[in-house]
Amino acid sequence: MIRDITIGQYYPADSLIHKLDPRTKLLGTLMFIVSVFAFHTFWGYLVATVFLGSVILISKVPVKFIFKGLKAIFVLLLFTIVFNIILTPGEVLWRWGFIKVTKEGLVLAGRMAIRLIYLVIGSSIMTLTTTPNQLTDGLERQLRPLNKIHVPVHEIAMMMSIALRFIPILLEETDKIMKAQIARGADFENGNLIQKAKNMVPLLVPLFISAFRRANDLAMAMEARCYHGGDDRTQMKPLKYAGRDYAAYGILTGYLAIAILFRVVGI
Amino acid sequence: MGIIKAFKLGFDYFKYDEDGNVQEMQRAVDDINLDIEAGSFVAILGHNGSGKSTLAKQLNALLLPSEGTIWVDDMDTSKEQELWKIRQKAGMVFQNPDNQIIGTVVEEDVGFGPENMGVPTEDIWKRVGDSLRKTGMTAYRHHSPNKLSGGQKQRVAIAGVMAMRPQCIVLDEPTAMLDPNGRHEVLEAVSELNKKENVTVILITHYMEEVIHADKVYVMDSGKIVMQGTPREIFSQVERLKEYRLDVPQVTLLAHELHEAGVDIPEGILTTEELVSALCQ
Amino acid sequence: MSIELKNVTYTYSPETAYEIHALKNINLVIPDGQFMGIIGHTGSGKSTLIQHFNALIRPTSGTILYNGEDIWEEKYDRRKLRSEVGLVFQYPEHQLFESDVLSDVCFGPMNQGLSREEAEKEARKALAHVGFKEEYFSKSPFELSGGQKKRVAIAGVLAMNPKILILDEPTAGLDPKGRDDILDQIQLLHKMRGITIILVSHSMEDIAKYVERLVVMNHGEAVFDDTPRKVFSHYQELEKMGLAAPQITYIMHALKEKGLDVDVNAITVEEAKDSILKALKKGGKADD
């Protein structure tokens, strides 16, 4: 039932990509996304494809998992393609009633589709090779400069990791509450929208009360273990760049340079 | 010199109405004096609502007394500058195993306390390794806490407290949500720590079987300590315990009933062996 | 009126690497009016088993009959089944949601189609039957003590007038007095309403004191199904499954070994006391 939903799509494997510092992967993903928007010709996309292909190979994540992420954007993708094809003005190739397909439309649609797909694949590789925890750590470190403008970076990261820990617990609890109420004759499936919303009350009230109690307990437990925010705190697993990270940054910079060069030269 | 001392301790819960005026006041802890010897195993018994959890939370300054004073290793818990030192000295394990584990990986959770204390990274790893070994959880260090049994989760929580190198552990009904095997597992881990590491243990519970090996037992009722003594002294008063909504282990009860029926055996029998040798001498 | 399980098997995530056989070929008949106990360590399949009784879980294979009818037949009214086979889960916090006790207990009967008035009548009766005082009917269920919450949760199911009441660890987290009170109340219900009780418990002492039939679950199988006396005489096998017999069983065996002629099958303090007194009289120790 509900507990089958997995949060975070980490795929455990022993690969170079997995071992990279999460900051490298975060920044790398960003650089890749920039490159995808910089490229705009067939040769450019070929370079991006080769780059993406090699990263997938090195990451040892089965291709099947990577394409899973695309399912979620399928509808969005379809809309983007269709609208770009029919709404772009230019040389008309085909006409049916008021709908016309233009050459420019086809090119634009293809370009948008490639960008969207590569963007999703690129970020999927990051989430597939990085545990949610590492990701939070990476974000916290990467965003630390924001501390200066009073963004509570440590607190946000702490909240994210607590959420990650409690999501499976709350999902399981939802399952249990649903069963307890079904046993009392509750009906979560039938009825119109308003009835359905009303029927959720016996599920949501116990769930929220439990979540608040857990939050209260957890706050107490954290205080008991001397938690007092991010100041004077040390880390058990501080992030440290290794040789491979510098190498990765080198490659990424080179790759991004090519993308910019292509754009400037107009290839 | 006791590691934890309390003098005329009192605690009130207030219930406020919508305007912020005190609507109801409830005395949860009343006139409690304690002197807990370092290295001992102390049990606090009491039914639900007897005030034992409120008392527990005052032992490491999660709650501050409304009246009287409590000292942890000679530090007054109401002195704010000593707060983190006090919490490090008197670690606390709570009832619900899910609601006290912060890390998404066992070893990271155990490292949470030392991280907060500002312990250097290398030292954290050493402490985490030690604590996991002492609680027998080394094999699970890379596991997700969600995949562990209740007893294992509680052992992780205990390891998390041990990594802060406390002198005293307060366990607030650590077994109430566990099955018998989990209960056994947690108690075993706690008494190991008490014996081998010489950590003072304060166990709060309403399971009578868990306290028969304690050095001293306190019984609480309506916020007051109503009985104190060795387990034998306490358990020899079966009728009185029943008044406080508690019971005794079956063997103690059987011995008591036999005694009442005129059989010549002593009161306060705690184990099967004692009963057998008393009956078959 | 009975529940009958025929070759019931339940598998989590079948045909994957995570496949777990939670129940293996269970055959069980629960006749009317029985007070039955189910024990087993965590993960033995006992929770999965009881959720089959009221169709919360559909078996992977096998049939479940209620009064001779297959409950997974397409047209079978499973909502009606759930009001006849009431199931109270371990944590009352999972079902209490209304702002006052009486309304909360009305939830079940109103789901059965009763008007608020009729439902209230059932709710009042149910609350009385679990020993819940009328002066607290308008209190918020969240402000109650653990034992009182438990009573309200049981009343919430009882108000639907079930023929069978299944209780999953009704005493978890309660103090000794609270535990005894709830169990006594359940026993009273059993006698008063004549309903079948299925009690899931970790406490062998409680099981020994109350149930007339005991099923032991281990690794998804029902390994014992007999009277508690007979089941507990297999205490060594129970230990191998991570379970135990009541403390009394061990005392009686130890005494017997030392030569005192006691009944080793005694499982409650009462029985043990009588048996020991008798044995001592014979041996001439209790001379006064």
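The name given to chain C in an unreviewed UniProt entry is Energy-coupling factor transporter ATP-binding protein EcfA2, and the organism recorded there is Blautia ammoniilytica. Comment text from UniProt for chain C, heading Function (unreviewed entry), reads "ATP-binding (A) component of a common energy-coupling factor (ECF) ABC-transporter complex." Looking at chain C in UniProt, the text filed under Subcellular location (unreviewed entry) is "Cell membrane".

Chain B carries the name Energy-coupling factor transporter ATPase in an unreviewed UniProt entry, which gives Blautia ammoniilytica as its organism. In UniProt, chain B has this text filed under Subcellular location (unreviewed entry): "Cell membrane". Per UniProt, the comment on chain B under Sequence similarities (unreviewed entry) is "Belongs to the ABC transporter superfamily."

## Quick look at the overall build of chain C
Secondary structure assignment for chain C yields 11 helices and 10 strands. In terms of principal-axis extent, the alpha carbons of chain C reach across some 70 × 55 × 35 Å. In chain C, which comprises 288 residues, the share counted as buried stands at 55%. A sequence separation of at least 24 residues applies to 63% of the contacts in chain C between residues at least 6 apart.

## As for the pairing of strand β1 (residues 2-16) of chain B
Residues and elements named next belong to chain B. Pairing of β1 with strand β2 (residues 22-37), which is carried by 11 bridges, proceeds in the antiparallel orientation. Paired with Phe-14 across the bridge in β2 is Met-25. Hairpin connection from β1 to β2: 5 residues lie between these consecutive antiparallel strands, with Gly-20 at a positive phi of about 85 degrees. By the bridge criterion, 5 bridges tie β1 to strand β4 (residues 67-72) in an arrangement that is antiparallel. Each residue of the ladder has a partner; that of Lys-5, found in β4, is Trp-71.

## What to know about the environment of C:Glu73
Structurally, C:Glu73 can be placed in the loop between β5 (69-70) and α2 (78-84). As a C-alpha pair, C:Glu73 and C:His219 span 146 residues in sequence and 28 Å in three-dimensional space.

## Remarks on a nonpolar patch on the surface
All names here are of chain A. Side chains of Phe-42, Trp-43, Leu-46, Val-50, Ile-260, Leu-261, Val-264, Val-265 and Ile-267 sit close together on the surface and give an oily, nonpolar patch of about 940 Å² of accessible area. Among the secondary structure elements, those contributing two or more residues to the nonpolar patch are α3 (42-59) and α11 (243-265). Mapped onto the fold, Val-264 is located in helix α11.

## Re the interface of chain A and chain B
With 29 residues of chain A at the interface, the matching set in chain B holds 39 residues. Overall, the association of chain A and chain B removes approximately 3000 Å² of surface from exposure, summing both partners, and the carbon and sulfur fraction of that is 55%. The largest share of the area that chain A buries against chain B comes from A:Arg165, A:Arg225 and A:Met236, three residues that together contribute 31% of it. Taking the shortest distance from any N to any O, the salt bridge between A:Lys237 and B:Glu107 comes out at 2.8 Å.

## Description of the UniProt feature "domain: ABC transporter" (unreviewed entry) in chain B
When the UniProt feature table is mapped onto this chain numbering, "domain: ABC transporter" (unreviewed entry) sits at residues 14-247 of chain B. Secondary structure across residues 14-247 of chain B comprises 34% helix and 26% strand; the distance between its end C-alpha atoms is 31 Å.

## A short note on the interface of chain B and chain C
Listed per partner, the contact involves 29 residues of chain B and 32 residues of chain C. Regarding the contact of chain B and chain C, the summed buried area is about 2700 Å², with carbon and sulfur atoms giving 60% of it. Of the charged contacts, one joins C:Arg179 and B:Asp247 as a salt bridge, the two residues approaching to 2.7 Å between their closest N and O atoms. Counting residues per element, the ones that place at least two in the side of chain B that touches chain C are α7 (180-196), α10 (250-260) and α11 (272-279) of chain B. Across the side of chain B that touches chain C, the residue classes tally to 16 nonpolar, 7 polar and 6 charged.

## Quick notes on the pairing of β4(B)
Residue and element names in this part refer to chain B. Note that β4 and strand β5 (residues 75-76) share 2 bridges and pair antiparallel. From the neighbouring strand, Trp-71 faces β5, where its bridge partner is Asp-76. Taking the residues that link successive antiparallel strands as the turn, the β4-β5 hairpin has 2 residues, and the phi of Asp-73 there is positive, at about 50 degrees.

## Description of the packing of helix α5 (residues 146-158) of chain C against helix α6 (residues 176-193) of chain C
All names here are of chain C. Two elements in contact, α5 and α6, have axes whose closest approach is 11 Å; the angle formed by their N-to-C orientations is 20 degrees. Classified by the angle between their axes, α5 and α6 sit roughly parallel to one another. Crossing of α5 against α6: the hand is right-handed. Residues Gly-147, Lys-150, Arg-151, Ile-154 and Leu-158 of α5 form the contact with α6, whose participating residues are Asp-181, Ile-182, Gln-185, Leu-189 and Arg-193. Taken together, the residues of the contact of α5 with α6 sort by class into 4 nonpolar, 2 polar and 4 charged.

## Examining the sheet that holds β5(C)
Residues and elements named next belong to chain C. The 4 strands lie next to each other as β2-β1-β4-β5, forming an open sheet whose pairing is antiparallel. Each having just a single partner strand, β2 (20-30) and β5 make up the two edges of the open sheet. Along the sheet face, helix α1 (residues 46-53) touches β1 (3-12), β2 and β4 (61-66) and points at about 50 degrees away from the line of β2.

## Things to note about the side chain of C:Gln185
Residue and element names in this part refer to chain C. With respect to the helices and strands, the residue Gln-185 is situated in helix α6. Overall, Gln-185 belongs to the buried group, its relative accessible area being 17%. Engagement of the side chain of Gln-185 in a polar contact is seen with the side chain of Arg-151, the distance being 3.5 Å. Discounting chain neighbours no more than four positions away, the residues touching Gln-185 are His-129, Val-130, Gly-131 and Arg-151.

## Examining the pattern of salt bridges
Evaluated as defined, the whole model comprises 46 salt bridges over all chains. A salt bridge links B:Arg133 to B:Asp130, with the nearest nitrogen and oxygen atoms 2.8 Å apart. Here the residue B:Arg133 and the residue B:Asp130 both occupy positions in helix α5 (residues 121-134), the gap between them amounting to 3 residues, near one helical turn. Take B:Asp130: its relative accessible area is 16%, and that puts it in the buried class. Here C:Lys273 ties to B:Glu257 by a salt bridge, and the two come within 3.6 Å at their closest N and O atoms. With one member in each of two chains, C:Lys273 in helix α11 (residues 269-283) and B:Glu257 in helix α10 form a pair that bridges those chains. Under the relative-accessibility criterion, C:Lys273 is labelled buried at 18%. A cluster of three or more residues bridged by salt bridges with shared partners is formed by B:Asp12, B:Arg27, B:Asp30, B:Glu67 and B:Lys224.

Definitions and cut-offs
- Residues numbered from 1 in each chain as written.
- Chains lettered and ligands numbered in written order.
- Predicted model: local features only at pLDDT ≥ 70, side-chain atom pairs only at ≥ 80, totals over all residues.
- Heavy atoms only, no water.
- UniProt positions renumbered as here; feature names shortened; annotations may be inferred.
- Helix = DSSP H or I, 4+ residues; strand = E, 2+ residues; numbered from the N terminus.
- Buried < 20%, exposed > 50% of the residue type's maximum accessible area, 1.4 Å probe, protein only.
- Contact = heavy atoms within 4.5 Å.
- Pairing = 2+ DSSP bridges.
- Patch = residues over 30% accessible without salt bridge, like charges linked within 9 Å, V, L, I, M, F, W, Y side chains within 5 Å.
- Areas by Shrake-Rupley, 256 points an atom, 1.4 Å probe, with all protein chains shown as cover.
- Salt bridge = Lys/Arg side-chain N within 4 Å of Asp/Glu carboxyl O.
- Buried area = accessible area lost by both parts, 1.4 Å probe.
- Nonpolar A, V, L, I, M, F, W, Y, C, P; charged D, E, K, R; others polar.
- Axes fitted to C-alpha atoms, helices over the stretch in contact; angles between N-to-C directions.
- Parallel < 35°, antiparallel > 145°, perpendicular 65-115°, else oblique.
- Left-handed = near helix turned anticlockwise from the far one by under 90°.
- Polar contact = N/O pair within 3.5 Å; in protein donor to acceptor, adjacent residues only side chain to side chain.

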